[in-house]
Amino acid sequence: MRKIFRRQQEEIEALSSIYEDCFVLDSETSFSILIKENCGEVLLTVSMPPDYPSAAPPTYQKSAPFLRGREKAVLCDMLDDIYVDNLGECVVFHWVEQIRTYLQERSDDSIDTCDSDFANNKETVESRIEEDQLATALHNSSLCPKITTGGTIEDRKSVFQGHTATVKSADDVKAVVAKLYENKKIAHATHNIYAFRIFCDDKQTWLCDCEDDGEDAAGGRLLHLLEILDAVDTLVVVSRWYGGTHLGPDRFKHINNAARQVMEIAGVIVPKDEKVKKKGEIVAGFSRFAFK
């Protein structure tokens, strides 16, 4: 039971970090997240039962007065499917992002943050790394951990590619990022999104951070992916080359898949097809409240 409670607290901490001002903690095991899009706002209130996520889902309530009855039912079905597809895993992040995706697709003026003028607002990773540390990383290859690069995912001329490495410190992260930027193709990518999760054994704490590189909220999504996969001492970078066509919410799916693919290749996680899932089992106690 203590392990389950610790998993709940880690998930709550990750959600609080990702959603910041839109996150409100109501108690040790309940909280609310405000999801804002052009077409309106949805308030998701979640309560975690004692046996979540191992044997039961969280209960939830959504306040979305602007949605019609049929839309609310469709959205509830989507959340149900997410839970059944991820039995025993943390699902709240997936729920929030599914709601966000639904609202974006519903809105007539949905905006893809990947604009062709990204270069005007882009800050390169090198500018954030202290010059002496970057120079050391570039000129001393022994500082750079082994990097695994995955295959490419293409959609409407946009290309996504993942990279991962085992890292033990912030210096390792800087060395890997600097090494990747030595590759001209990667350096000229529209976005190089990354996240890392390192366990500091001496302090018994986690060192985690992420970088959007111009793709709003993408770094936080990668960090949460590492959290729910329980990845340890792992850095994952996803490069995206914009192809001229806005992909909308699909771009986040491709970023997630590119990260998963390369981590499977590197052995950081077990491939999905090797996992034994009992999707046919319906877990008792799954409940949800009606929309207000």
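Computed from a predicted structure; not experimentally measured.

**Looking at the pattern of salt bridges**
- With the rule as written, the count across this model stands at twelve salt bridges.
- Between E215 and R240 there is a salt bridge; the shortest N-O distance is 3.1 Å. With a gap of 25 residues between them, E215 in the loop between strand 8 (205–211) and helix 8 (218–228) and R240 in strand 9 (residues 234–241) connect regions that are remote in the sequence.
- The class of E215 is buried, set by a relative accessible area of 0%.
- A network of salt bridges, in which partner residues are shared, links E37, E97, R100 and R221.

**Overview of helix 1 (residues 2–19)**
- Between its first and last C-alpha, helix 1 extends 26 Å over 18 residues, near the 26 Å set by a 1.5 Å rise per residue.
- When we look at burial in helix 1, the residues that qualify are I4, Q8, E11, I12, A14, L15 and Y19. Each buried residue of helix 1 sits inside an arc of 165° when the element is viewed along its axis, so together they form one side. Of the exposed residues in helix 1, the ones pointing more than 90 degrees away from its buried face are R2, K3 and E13.
- The elements touched by buried residues of helix 1 are strand 1 (23–27), strand 2 (30–37), helix 3 (92–106) and helix 8.

**A closer look at the packing of aromatic side chains**
- This structure, assessed with the given rule, holds four aromatic pairs.
- Between the aromatic rings of Y60 and W95, the centroid separation amounts to 4.8 Å while the plane-to-plane angle is 65°, which identifies the pairing as edge-to-face. With Y60 in strand 4 (residues 59–63) and W95 in helix 3, this residue pair connects regions lying 35 residues apart in the sequence. Both residues of the pair, Y60 and W95, count as buried.
- Between R197 and the ring centre of W206, over which it is positioned, the NZ or CZ distance is 3.7 Å.
- Taking the ring centre of F252 as reference, the NZ or CZ of R221 above it sits at 3.6 Å.

**Regarding the environment of I99**
- Tracing the sequence through the fold places I99 in helix 3.
- For I99, a relative accessible area of 0% gives the class buried.
- Distance in space between the C-alpha atoms of I99 and L75 is 7.3 Å, their sequence separation being 24 residues.
- Ignoring any residue separated from it by four or fewer positions in sequence, one finds I99 in contact with I35, V42, L44, K62, L75 and L79.

**Details of the nonpolar core**
- Judged by nonpolar contacts, the single largest core of 29 residues is most densely connected at F31, I33, I35, V92 and I99.
- Examining the composition of this core, we find that seven residues originate from one element, helix 3, more than from any other.
- Ranked by size, the runner-up nonpolar core spans 21 residues in total, among them L223, L225, V238 and L247.

**Concerning the environment of I33**
- Inspection of the secondary structure assignment puts I33 in strand 2.
- Taking relative accessible area as the criterion, I33 reaches 0% and is therefore assigned buried.
- Filtering out sequence-adjacent residues up to four positions away, I33 remains in contact with Y19, C22, F23, V42, L43, L44, V92 and V96.

**Remarks on the side chain of Q104**
- For Q104, the location among the structural elements is in helix 3.
- Among the polar contacts made by the side chain of Q104, one reaches the side chain of E37 at a distance of 3.5 Å.

**So, the pairing of strand 2**
- The pairing of strand 1 with strand 2 spans four bridges and is classified as antiparallel. Looking at strand 2, one finds that V24 is bridged to S32.
- Two elements, strand 2 and strand 3 (residues 40–47), share eight bridges in a ladder whose sense is antiparallel. When the bridges of strand 3 are listed, S32 appears paired with T45.
- Following strand 2, the chain reverses through two residues before pairing antiparallel with strand 3.

**As for the sheet that holds strand 6 (residues 158–166)**
- Taken together, five strands build an open sheet; the order of strands is 5-6-9-7-8 and the sheet is antiparallel. In this open sheet, the two edge strands, each paired with only one partner strand, are strand 5 (147–155) and strand 8. For this sheet, the mean inter-axis angle between neighbouring strands, taken without regard to orientation, is 10°.
- Note: strand 6 against strand 9, eight bridges, orientation antiparallel. Directly across from Q161, in strand 9, lies its bridge partner S239.
- Here helix 8 sits on the sheet in contact with strand 7 (191–200), strand 8 and strand 9, set at roughly 35° to strand 7.

**Things to note about the confidence of the model for the protein**
- In the predicted model, the protein carries a mean pLDDT of 81, and the fraction of residues at 70 or more is 79%.
- Of all helices and strands in the protein, the one with the weakest mean pLDDT is helix 4 (residues 125–128) (48), whereas strand 9 scores best (95).
- Contacts from residues 136–141, a stretch scored under 50 in pLDDT, to residues over four places away or in other chains number seven contacts.
- Scored below 50 in pLDDT, residues 275–290 makes 31 contacts in the model with residues more than four places away or belonging to other chains.

What counts and what doesn't
Residues numbered from 1 in each chain as written. Predicted model: local features only at pLDDT ≥ 70, side-chain atom pairs only at ≥ 80, totals over all residues. Heavy atoms only, no water. Salt bridge = Lys/Arg side-chain N within 4 Å of Asp/Glu carboxyl O. Helix = DSSP H or I, 4+ residues; strand = E, 2+ residues; numbered from the N terminus. Buried < 20%, exposed > 50% of the residue type's maximum accessible area, 1.4 Å probe, protein only. Expected span 1.5 Å × (residues − 1). Arc of directions from axis to C-beta. Contact = heavy atoms within 4.5 Å. Phe/Tyr/Trp six-rings, centres within 6.5 Å; stacked < 30°, edge-to-face > 60°. Lys NZ or Arg CZ within 6 Å of the ring centre and 35° of its normal. Core = buried A, V, L, I, M, F, W, Y, C linked by side-chain atoms within 4.5 Å. Polar contact = N/O pair within 3.5 Å; in protein donor to acceptor, adjacent residues only side chain to side chain. Pairing = 2+ DSSP bridges. Axes fitted to C-alpha atoms, helices over the stretch in contact; angles between N-to-C directions. pLDDT = per-residue confidence, 0-100.

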